[in-house]
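Structural overview
What follows is the residue order along each chain.
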Amino acid sequence: MELVDRVLKGEIRAVAKAITLVENGHPDKEKFIDSIYSKCGNAVVWGVTGPPGAGKSTLVDKLIDQERSKGKKVAVIAVDPSSPFSGGAVLGDRLRMQSHATDPNVFIRSMASRGHLGGVAGNTTDAVRVLDAAGYDLIIIESIGVGQTEIEIIEVADIVLLVLVPGMGDEIQALKAGVMEIGDIYILNKKDHDGIEKLEAEVNYMLSLKGYDELKNPVVLTSAVENIGIVELTHTIEDYYSRLKTSNRLTHKRKKRVREEIQHLLISKIMTVINKNLETEKNIDHWAEKLISGEISPYSFFNQKIKNFLEESSENADTN
Amino acid sequence: MSNKSKVAQEKERWESNVVNKLINKFPERNANFTTGSWMPLERLGLPKDCGEEYFEKLGFPGEYPFTRGVQPTMYRGRFWTMRQYAGFGTAEESNERYKYLLNAGQTGLSIAFDLPTQIGYDSDAEESIGEVGKVGVAIDSLADMEILFDGIPLDKVSTSMTINAPAAVLLAFYIAVAEKQGVTKDKLNGTIQNDILKEYIARGTYIFPPKPSLRLITNIFDYCSREVPNWNTISISGYHIREAGSTAAQEVAFTLADGIEYVRAAIEVGLDVDVFSGRLSFFFNAHNDLLEEVAKFRAARRIWAKIMKEKFQAQNPKSMMLRFHTQTGGSTLTAQQPDNNIVRVAIQTLAAVLGGTQSLHTNSRDEALGLPTEQSVQIALRTQQIVAHESGVANTIDPLAGSYIVEEMTDRIESEVWDYINKIESIGGMVKAIEKGYVQKQIQDSAYRYQKEIESSERIIVGVNKFQTKEDQPEDILEVNPRLREIQSQKIADVKAKRNNEKVANKLAALEAGAKNPDVNLMPLILDAAREYATLGEICNVLRKEFGEYKESIVL
Amino acid sequence: MSEKVRILIAKPGLDGHDRGAKYIARALKDEGYEVIYTGLRQTPDSIVATAIQEDVQFIGLSLLSGAHKELFPKIVDKLKEQEASDIHVFGGGVIPDRDIPFLLEHGVEAVFTPGTPISDVVKFIESVK
């Protein structure tokens, strides 16, 4: 495939086209990903998440500055929600990163969630692979911070940066349930705003409840708009990353991630095969009626269906 | 004691204490005012009978809470200043237009600068490509400013300059030109817009972040209160907020909230509220909904008076007066059937005058197409003159007062405005509300709703979604010389060749040192650099280096 | 497979009037498109780089300062340089009728002046996408 070569050479237009391919779930996508797969695994992936208005994009903008000054090639995937009504989206996160638009070693891509729950667009994993194969050293994923559904970012990122700001009121309560635990590094942004001490105390309290952890989650205070605390933050990230590596946690994390991906992949593949065989889309209304009227009972009916399917496929396998 | 007698008593007091004192110094335009058919016309319509509420809410013109106007005789004393915003191309071309306008009976100048000037870039900067001289005149250094005011005595005109982020620099150029004309600073009259907050909200010509921007603004307040006492140091502007799509109440609310922020900043650096507040001025929009607009202006005066008196404990009544300039609504003009715009502008003029404006710019019919032609500008100016001299509305003060519906609307706008102001205060002030995107969001939601209503024809715009006709656009739309950037760049090169570059470098170094120290007033340092022909871009770049640049952060 | 039309709405030049750009961005979102919005003061280079990275099919330019004759063709040319001429460019803002033929000749495919209903923009997008 010509596109594969061009992506591996790092051609920007090709990288962009390849991301569209995976984003749209194009029929050529699987072949494409398989062809680049062996070139993946070099990039470090940071996930940046947190509630709306926490200053995530501004922070990412400043992190790009830092990493560029070290000569790294940086890619950003910024995920924003699609409208549940129209399916459209306004993607504006890159507005705060536009000073990097013309830097050939920075690639920024906005993605709409397209109805995928979890805060990270459905095909983000594959988009990360494209960027990884194209030679970006660091890939930053900025995801929607909308409460509990953003937990999926840990399935994509090596390090999760959770950005919080003072004055969120009850929002922090919602965050506490689940999301608060996903951070590797806690960034308390807008440190000059009222309530920063309270927020810091709350985060530290929450972390103390996590119990003993040899890595200990760092808490960093920043003011992204004023570029304060950013250098310290990158040091913290580097330090944390090297500790992740030496403690073998990174390997463990990545393996866990791949395991989960395999499970997702299997489920969706099997679903596709089964749905095709049973003609689910065509029949589902009919089955529903039968279930409602009591004509059939759920388990025996579908067990029989699956059994028939399995027998048919093994017969097919025999004859082949 | 009956209220009736109180009104009569109060009227007597007002006339003898306030009006007569003023008339002795500044007589009214006529000894007697009548209608067009010679019916006698009272200076001020008053209720025959009323409760205390009247005195609290309305009072008398020239007195707290100034709902009925800031001067005791209003337009019976003197018409509003007719001030057409103009400027395009080179300083030479604009100079010609200003002389034309002054000859046509205009009473004040209003300078439009091009975008590079407004954002502190010289014409030869990369960023200026395509924009030089487009929406206003290109000014790169004192040399351009000298040409701009050539033959216009600065002690005789009042000049309003629509300049914000680099306001200090343009004011310095103006002072330096005056010095060359032999006019001292205390003789200068005029206004700089100098309102950075609404740039972040609605207009987009910002340079520096809020903190250093507010420092420049308070530096100007302080400097002018001592050196240029008749200068209006800021024109706190709702005009652009409305243009961006806000409602009438939002326009007032966000403008006054900006005002609160400026007053607070000035008090924080130790300025006396009664020293600088009298030089604050405002700038509003006038739209087509006549009664609502009149109510808006009246409400704005009443609220500002309360803010200054109660929140900031101002003592001097001048500090409580909301004096404002009005411009008719640019966004209400249509590219379709452009002559219809003359009628829209006439209605808006009436709104501004019935609302008690101190000065007015009327838009030209062809501004939705491009820069206005001379003929269109003349019609716009004539519109004001017809309202002033023929309509009769200027012959009695605040004529719509007491209309049930206008008073009701005034109250309603006031209460909506207080809700917004309180909300913004609870966020932590206007800077924080802008950073959070609260203000922008309110405006965008209103703008979106408005546009949707036009799309669905719930709201009729004549000639746009109803009563359309097939038509050709007028041919005589002004076009700016596309070679202007080259011309200006050559001028900059000439200036740089002629000036004493060592002196310039010294003055710029002094400015840089001053910028590092937040206790230094930068105005004198900028003036020193301006006098040596440092360019606008050079001065702004020194400040960019020290202050950093503001980045837009809020999307939708 | 879920294909979406992606559109970059950009403001070239120094003009700060973004009411129109923001309206069109939001309205196109409501029509089901994915809109990338980059804010004020974008240079031709940054607009083209953004369009390429975002792999948009359309660039919508909004300008009210009168610099459209200089800036719009520049963006078209830069797309050509980057071999990205398949990206469609349209424009809007304060643009006199007499300038429209010039812009069309220089690669701008459609010009929408004030008062154009959003349905016209949608019609254009659907007809060339």
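Structural notes, computed from the coordinates.

Our next topic: the interface of chain B and chain A. Taken together, the contacts link 8 residues of chain B with 7 residues of chain A. Buried area between chain B and chain A, summed over both chains or domains, comes out near 690 Å², and the portion from carbon and sulfur atoms is 57%. Scanning the region where chain B abuts chain A turns up 1 salt bridge. The closest approach of N and O atoms between aspartate 61 of chain A and lysine 551 of chain B, which form a salt bridge, is 2.7 Å. Counting every contact that joins chain B to chain A gives 1 residue pair in polar contact (both at pLDDT 80 or more). Split into classes, the residues belonging to the side of chain B that touches chain A amount to 3 nonpolar, 1 polar and 4 charged.

Here we come to the interface of chain A and chain C. Taken together, the contact pairs 30 residues of chain A with 30 residues of chain C. Of the roughly 2400 Å² buried where chain A meets chain C, counting both sides, 49% is carbon and sulfur surface. The largest per-residue losses of area from chain A upon contact with chain C belong to Arg13, Asn24 and Arg114 of chain A, which jointly make up 23% of the total buried on that side. On inspection of chain A and its partner chain C, the count reaches 7 salt bridges. The salt bridge involving aspartate 86 of chain C is made with arginine 13 of chain A; its shortest N-O contact spans 3.0 Å. Here chain A and chain C share 22 residue pairs in polar contact (both at pLDDT 80 or more) between them. Grouping the amino acids of the side of chain A that touches chain C by side-chain chemistry returns 12 nonpolar, 12 polar and 6 charged.

Here we take up the side chain of histidine 240 of chain B. Tracing the backbone through its elements, the reader meets histidine 240 of chain B in helix α10 (residues 239–243). Beyond its immediate chain neighbours, meaning those up to four positions away, histidine 240 of chain B contacts Gln193, Lys198, Ala202, Arg203 and Phe283 of chain B.

So, about the packing of helix α1 (residues 19–30) of chain C against helix α5 (residues 118–128) of chain C. Helix-helix packing is characterised by the crossing angle of the two axes and by the distance between the axes. All names here are of chain C. Their axes nearest at 11 Å, the elements α1 and α5 cross at an angle of 65°. Between α1 and α5 lies a crossing whose hand is right-handed. Each of Ile24, Ala27 and Leu28 in α1 lies in contact with α5, whose residues at this interface are Ile118, Val121, Val122 and Ile125. In terms of residue class, the contact of α1 with α5 is built from 7 nonpolar, no polar and no charged.

The next thing to look at is the pattern of salt bridges. Using the criterion set out here, one finds 83 salt bridges over all chains in the structure. Residue glutamate 293 of chain B is joined to arginine 242 of chain B by a salt bridge in which the shortest nitrogen-to-oxygen separation is 3.0 Å. Separated by 51 residues along the polypeptide, glutamate 293 of chain B in helix α13 (residues 290–311) and arginine 242 of chain B in helix α10 bring together distant segments of the chain. Each member of the pair, glutamate 293 of chain B as well as arginine 242 of chain B, is classed as buried. Lysine 69 of chain C is the partner of aspartate 99 of chain C in a salt bridge, and the nearest nitrogen-oxygen pair spans 3.9 Å. One end of the pair, aspartate 99 of chain C, is in the loop between β4 (88–93) and α4 (100–105); the other, lysine 69 of chain C, is in helix α3 (residues 68–81), and 30 residues separate them in sequence. Classification of lysine 69 of chain C as partly exposed rests on a relative accessible area of 27%. It is possible to trace a salt-bridge network through shared partners that takes in Glu23, Arg94, Arg109 and Arg114 of chain A together with Arg6, Glu34 and Glu54 of chain C.

Residue and element names in this part refer to chain A. In space, the 7 strands of this open sheet follow the order β4-β2-β5-β1-β6-β7-β8, with parallel pairing throughout. For this open sheet the edge positions go to β4 (106–112) and β8 (219–221), each flanked by a neighbour on one side alone. The mean inter-strand angle of the sheet, taken between neighbouring strand axes irrespective of direction, is 20°. Here 4 bridges tie strand β6 (residues 159–164) to strand β7 (residues 185–188), and the two strands are oriented parallel to one another. By the bridge assignment for β7, leucine 162 is matched with tyrosine 186.

Grouped together as the largest cluster of nonpolar side chains are 157 residues, with contacts concentrated most on Trp80, Met145, Trp304 and Met430 of chain B. When residues in this core are grouped by element, the largest group, 12 residues, is from helix α7 (residues 167–181) of chain B. Here this core spans two domains, since at least three of its residues come from each of domain 1 (3–57) and domain 2 (74–455) of chain B. Once you skip the residues sitting within four places of it in the chain, methionine 145 of chain B turns out to touch Ile139, Met161, Leu170, Phe173, Tyr174 and Val177 of chain B. One finds Val22, Cys40, Ala75 and Ile77 of chain A within the second-largest nonpolar core, a separate group that totals 36 residues.

Scoring rules and cut-offs
- Residues numbered from 1 in each chain as written.
- Chains lettered and ligands numbered in written order.
- Predicted model: local features only at pLDDT ≥ 70, side-chain atom pairs only at ≥ 80, totals over all residues.
- Heavy atoms only, no water.
- Contact = heavy atoms within 4.5 Å.
- Buried area = accessible area lost by both parts, 1.4 Å probe.
- Salt bridge = Lys/Arg side-chain N within 4 Å of Asp/Glu carboxyl O.
- Polar contact = N/O pair within 3.5 Å; in protein donor to acceptor, adjacent residues only side chain to side chain.
- Nonpolar A, V, L, I, M, F, W, Y, C, P; charged D, E, K, R; others polar.
- Helix = DSSP H or I, 4+ residues; strand = E, 2+ residues; numbered from the N terminus.
- Axes fitted to C-alpha atoms, helices over the stretch in contact; angles between N-to-C directions.
- Left-handed = near helix turned anticlockwise from the far one by under 90°.
- Buried < 20%, exposed > 50% of the residue type's maximum accessible area, 1.4 Å probe, protein only.
- Pairing = 2+ DSSP bridges.
- Core = buried A, V, L, I, M, F, W, Y, C linked by side-chain atoms within 4.5 Å.
- Domains from an automatic or database assignment.

It is worth stressing that arrangement in space is one thing and function is another; only the former is reported here.
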